[in-house]
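Examination of the molecular architecture
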Amino acid sequence: MTQPSGPELEQVRRVVTEIPGPRSLELAQRRKESVSAALGAAVPVYADRAGGGVVVDVDGNSLIDLGSGIAVTNVGNSAPLVVEAIAAQAHLLTHTCFMVAGYEPYIQVCEELNALTPGDYDKRSALFNSGAEAVENAIKIARSYTGRNAVVAVEHAYHGRTNMTMALTAKNMPYKHRFGPFAPEVYRVPTSYPVRDGLTGIEAAQRTIARIETEVASENLAALIIEPIQGEGGFIVPAEGFLPAIQKWCNDHDVVFIADEIQTGFCRTGDWFACNHEEVIPDLITTAKGIAGGMPLAGVTGRAAIMDSVHAGGLGGTYGGNPVACAAAVGAIKTMREQDLAQRARHIGSVMHSRLQELAKDVDVIADIRGRGAMMAVEFADPESLNPRADLPKRIAATCAQQGVIVLTAGTFGNVIRLLPPLVISDALLEDAMDVLTDAIRVEASR
Ligand code: PLZ
């Protein structure tokens, strides 16, 4: 008999060994001798299988997953339609290179992206392997279209680890440290960070625009790129009105407005894309992560006039839009639609938010609880001075892992716990995980 997998796995939290257990320790040793020490690890266990809301490790511990592999397995790990699509496609063809001989799944994914992304205009898409690669290409496209060089990114931004995207990313450690020089013509401007700047969305936008106008000038500016809710930066939700004002300024000055929805996309925030909440219409949008249920795939989607302005042969790559990854994306998108995972994300968000609000009454280390849908975070800081408490998230996450719950940290100041459960997690598991998390916060906050 085959062992259960995917959503058939028993949906329980169960810790049967010390964490990490003996098999994980064995793998940790082999890793130490074979894998570069430069790669981090959020939890000390090694995964064997996963599905629904759990990750089962090699020692048989069943951990509740509040990370989704960093916002990737929105439809759950090894989701049935994704697994079936991968298997079927793998039997037909695994690779031709889209630039050599095309295939239907690539076109299907582009059709889906054009239909699902915000903006009721004629669109085109191109597919790549990773989020960073999508961002790189969005910048190439914007520069080619405008004939301008400069690119603006905002404070706390995260856009990837390649050379151009490191330049766009704000935080030095660990992403940029000793890796320079970085790509030129990247300018950083303030954003909206309500709990820390106290500005309305309009005030923050005016500050941002004034900086761009004095230090860059629209005549030199190809694109402005922004995450509608910042991911690695700490789930910073800009004040209402900020994004629409920035979009309008870009439109008025023929600056390509790029929304990086790599972390926020595909139902995560309670809608297909985070731009939808304020009816923000980007010119280009970058997607990855949740798009293909765990397979590596990314896209750039945008106005046909912009996307088609690049010379023929100007975009591509050997693997971009691999047929198996594309088939997985079609399966993942179908799952999101059939199970209305946007609605599910809103429900998950309201559960997490109310549990955290309740907790905030008892502890004095929480400066902010924020996010949208199933993308929720707690910022730890002294509530008066707002001095970051960077010591807490690591300890809280370690305590949670010991008790069988995976949570991730984030934030420019390293003082944020972020919650990104798979959108198919059961209510019972979610409540159990929130019990563990809120207890861990109580304990660590009182130490
Ligand atoms: N843009 C908004 O969130 C990836 C990074 C994890 P890749 N975020 C997770 C890490 O430490 O490397 C991300 C993102 C946003 C771009 C990216 C980059 O996507 O698929 O990791 O290249």
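What counts, and where the lines are drawn
Residues numbered from 1 in each chain as written. Predicted model: local features only at pLDDT ≥ 70, side-chain atom pairs only at ≥ 80, totals over all residues. Heavy atoms only, no water. Axes fitted to C-alpha atoms, helices over the stretch in contact; angles between N-to-C directions. Helix = DSSP H or I, 4+ residues; strand = E, 2+ residues; numbered from the N terminus. Parallel < 35°, antiparallel > 145°, perpendicular 65-115°, else oblique. Left-handed = near helix turned anticlockwise from the far one by under 90°. Contact = heavy atoms within 4.5 Å. Nonpolar A, V, L, I, M, F, W, Y, C, P; charged D, E, K, R; others polar. Near = heavy atom within 4 Å. Polar contact = N/O pair within 3.5 Å; in protein donor to acceptor, adjacent residues only side chain to side chain. Areas by Shrake-Rupley, 256 points an atom, 1.4 Å probe, with all protein chains shown as cover. Buried < 20%, exposed > 50% of the residue type's maximum accessible area, 1.4 Å probe, protein only. Lys, Arg positive; Asp, Glu negative; His and termini not counted. Salt bridge = Lys/Arg side-chain N within 4 Å of Asp/Glu carboxyl O. Expected span 1.5 Å × (residues − 1). Domains from an automatic or database assignment. Buried area = accessible area lost by both parts, 1.4 Å probe. Pairing = 2+ DSSP bridges.

Before going further, it helps to examine the packing of helix H3 (residues 80-92) against helix H11 (residues 323-338). At their nearest, the axes of H3 and H11 sit 8 Å apart, and the two run at 155 degrees to each other. With respect to each other, H3 and H11 are oriented roughly antiparallel. Note on packing geometry: the crossing formed by H3 with H11 is right-handed. Contacts between H3 and H11 involve Leu81, Val82, Ala85, Ile86, Gln89 and Ala90 on the former and, on the latter, Pro323, Val324, Ala327, Ala328, Gly331, Ala332, Lys334, Thr335 and Glu338. Across the contact of H3 with H11, the residue classes break down as 10 nonpolar, three polar and two charged.

With that out of the way, let us pick up the site of the ligand. Around the ligand there are 15 residues in total, and Gly131, Ala132, Arg161, Asp260 and Gln263 lie nearest to it. In the environment of the ligand, an oxygen atom lies 2.7 Å from a nitrogen or oxygen atom belonging to the side chain of Arg161. A distance of 3.1 Å separates a nitrogen atom of the ligand from a polar atom in the side chain of Lys289. For the ligand, whose accessible area on its own is 510 Å², the fraction buried by protein is 82%. The residue inventory of the shell around the ligand, partitioned by class, reads five nonpolar, five polar and five charged.

Moving on to the side chain of Asp57. Considering the arrangement of structural elements, one finds Asp57 in strand S2 (residues 54-57). In this structure, Asp57 is buried with no salt-bridge partner, the nearest side chain bearing the opposite charge being Arg23 at 8.9 Å. Of the polar contacts made by the side chain of Asp57, one reaches the backbone nitrogen of Asp59; its length is 2.8 Å. Residues within four places of Asp57 in sequence aside, it is in contact with Ser24, Val45, Tyr46, Ala47, Asp48 and Leu63.

Taken as a whole and assessed by the stated rule, the structure comprises 25 salt bridges. A salt bridge links Lys248 to Asp252; the nearest nitrogen and oxygen atoms lie 2.7 Å apart. One end of the pair is Lys248 and the other is Asp252, both in helix H9 (residues 242-252) and four residues apart, which spans about a single turn. Residues Arg303 and Asp283 are paired through a salt bridge, measuring 2.7 Å at the closest nitrogen-oxygen approach. Highlighted residues: Arg303 in strand S10 (residues 298-303) and Asp283 in the loop between strand S8 (256-260) and strand S9 (284-287), separated in sequence by 20 residues.

Our focus in this paragraph is H11. Between its first and last C-alpha atoms H11 spans 22 Å; for 16 residues at 1.5 Å apiece the expected length is 22 Å, and the two agree. By the burial criterion, the buried members of H11 are Pro323, Val324, Ala325, Cys326, Ala327, Ala328, Ala329, Gly331, Ala332, Ile333, Thr335 and Met336. Each element contacted by the buried residues of H11 is listed here: H3, helix H4 (104-116), strand S4 (123-128) and helix H12 (341-360). Near the N-terminus of H11, the side chain that reaches the backbone nitrogen of Val324, with its oxygen 2.8 Å away, is that of Asn322. Asp340 sits one or two positions beyond H11 and adopts a positive phi of about 40 degrees.

Its domain assignment divides the chain into domain 1 (6-65 + 340-445) and domain 2 (81-338). Each of domain 1 and domain 2 has a C-alpha centre, and the two are 26 Å apart. Contact with domain 1, which involves 32 residues of that partner, is made by 27 residues of domain 2. Taken together, both faces of the contact between domain 1 and domain 2 bury some 2,300 Å²; the carbon and sulfur share is 57%. Per-residue buried area on domain 1 facing domain 2 is highest for Arg372, Met375 and Thr412; these three make up 31% of the total on that side. Our enumeration of links across domain 1 and domain 2 arrives at two salt bridges. Between Glu232 and Arg418 there is a salt bridge whose closest N-O contact spans 2.9 Å. Run the count over domain 1 and domain 2 and you get 17 residue pairs in polar contact (both at pLDDT 80 or more). For the side of domain 1 that touches domain 2, the secondary structure elements donating two or more residues are H12, strand S11 (366-372), strand S12 (375-380) and strand S15 (416-419). Of the residues in the side of domain 1 that touches domain 2, the class split is 19 nonpolar, six polar and seven charged.

Next up on the list: unusual backbone geometry. With an omega dihedral of 0 degrees, the bond running from Ile19 to Pro20 counts as a cis peptide bond. Going from Met173 to Pro174, the amide bond is cis rather than trans, its omega being 5 degrees. Mapping Pro174 onto the fold places it in the loop between helix H6 (163-168) and strand S6 (186-189). Look at His156: it is not a glycine, yet its phi comes out positive at around 70 degrees. Relative to the helices and strands, His156 resides in the loop between strand S5 (150-154) and H6. Despite not being glycine, Glu279 has its phi angle at roughly 50 degrees, a positive value. Looking at the element boundaries, Glu279 is found in the loop between S8 and S9. Glu279 sits in the exposed class, given a relative accessible area of 67%.

Okay, the sheet that holds S15 next. Taken together, four strands build an open sheet; the order of strands is S11-S12-S15-S14 and the sheet is antiparallel. Whereas interior strands pair on both sides, the edge strands pair on one side only; in this sheet they are S11 and strand S14 (408-410). Neighbouring strand axes in the sheet, compared pairwise and without regard to direction, differ in orientation by 25 degrees on average. Sheet analysis places S14 next to S15, joined by three bridges and oriented antiparallel. Paired with Ala410 across the strands is Val416, a residue of S15.

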